[in-house]
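# Tertiary structure, described
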Amino acid sequence: MKTVDIVTTLVKKPIEDMGYELIDLEFKKEQSDWVLTIFIDKEGGVTLNDCEAVSRVVDPILDEHDPIEQSYYLSVSSPGLDRPLKTERDFQRNINKPVVVKLYAQVEKKKEFTGELKEFSEQEITIACNDGSLRTFLKKDVAQVKPHIEFS
């Protein structure tokens, strides 16, 4: 079992019991140090105090179970406004909102399409493009879907 899977199993319920959603977990080397980053979210967004509270709950759990052999830094963070949509809940929250769909390979000489997310399933994503057309993409052809954020 991978480190990320083991840590997820240990911390998911305590994080959810605090009222947060565990969005993602990364364990990677940054420069010369290993960093375990836990991404959380909640309705209304995440504050620095939320990150600190989750860190205080998760740290003793990780110390007790010691699932990571090497030394590392623990980081708890918000995934950000433009985080990729990964879960069914992410897609559901973004129905009728603008998204950017990035493809692995070009379609009609483009790898990126912007439009309003209309439908999704396990296999497909449908958006209403800015030109009025409906486009459906197979998820296996999609590299990433992110909210489209316009700053004014």
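You'll find the structure just up there.
A surface patch of like charges, here negative, comprises Asp59, Asp63, Asp66 and Glu69. Note on Asp59: relative accessible area 33%, which makes it partly exposed.

A few words on the pattern of salt bridges. Inspection of every chain in the model, using the stated rule, returns 15 salt bridges. A salt bridge links Lys42 to Asp50; its shortest N-O distance comes to 3.1 Å.

A word on the sheet that holds strand β5 (residues 110–120). Sheet architecture is open: five strands sit in the order β7-β6-β5-β4-β8, paired in antiparallel fashion. Edge positions in the sheet fall to β7 (134–138) and β8 (142–147), since each has one partner strand and no second. Along the sheet, successive strands turn relative to each other by an average axial angle of 40°, direction set aside. Pairing of strand β6 (residues 124–129) with β7, which is carried by five bridges, proceeds in the antiparallel orientation.

The tendency in soluble globular proteins is for nonpolar side chains to be buried as a group. Formed by 16 residues in total, the largest nonpolar core has its most connected members in Val11, Ile15 and Ile38. Elements with a contribution of two residues or more to this core: α1 (3–17), β1 (21–30), β2 (33–41) and α2 (48–65). In this view, Ile15 contacts Tyr20, Glu21, Leu22, Ile38, Ile40, Val54 and Val58; residues no more than four positions away in its chain are not counted. Residues Val99, Leu103, Ile127 and Val142 belong to the second largest nonpolar core, which totals 13 residues.

Cut-offs applied
Residues numbered from 1 in each chain as written. Predicted model: local features only at pLDDT ≥ 70, side-chain atom pairs only at ≥ 80, totals over all residues. Heavy atoms only, no water. Patch = residues over 30% accessible without salt bridge, like charges linked within 9 Å, V, L, I, M, F, W, Y side chains within 5 Å. Areas by Shrake-Rupley, 256 points an atom, 1.4 Å probe, with all protein chains shown as cover. Salt bridge = Lys/Arg side-chain N within 4 Å of Asp/Glu carboxyl O. Lys, Arg positive; Asp, Glu negative; His and termini not counted. Charge placed at Lys NZ, Arg CZ, Asp CG, Glu CD. Buried < 20%, exposed > 50% of the residue type's maximum accessible area, 1.4 Å probe, protein only. Pairing = 2+ DSSP bridges. Helix = DSSP H or I, 4+ residues; strand = E, 2+ residues; numbered from the N terminus. Axes fitted to C-alpha atoms, helices over the stretch in contact; angles between N-to-C directions. Core = buried A, V, L, I, M, F, W, Y, C linked by side-chain atoms within 4.5 Å. Contact = heavy atoms within 4.5 Å.

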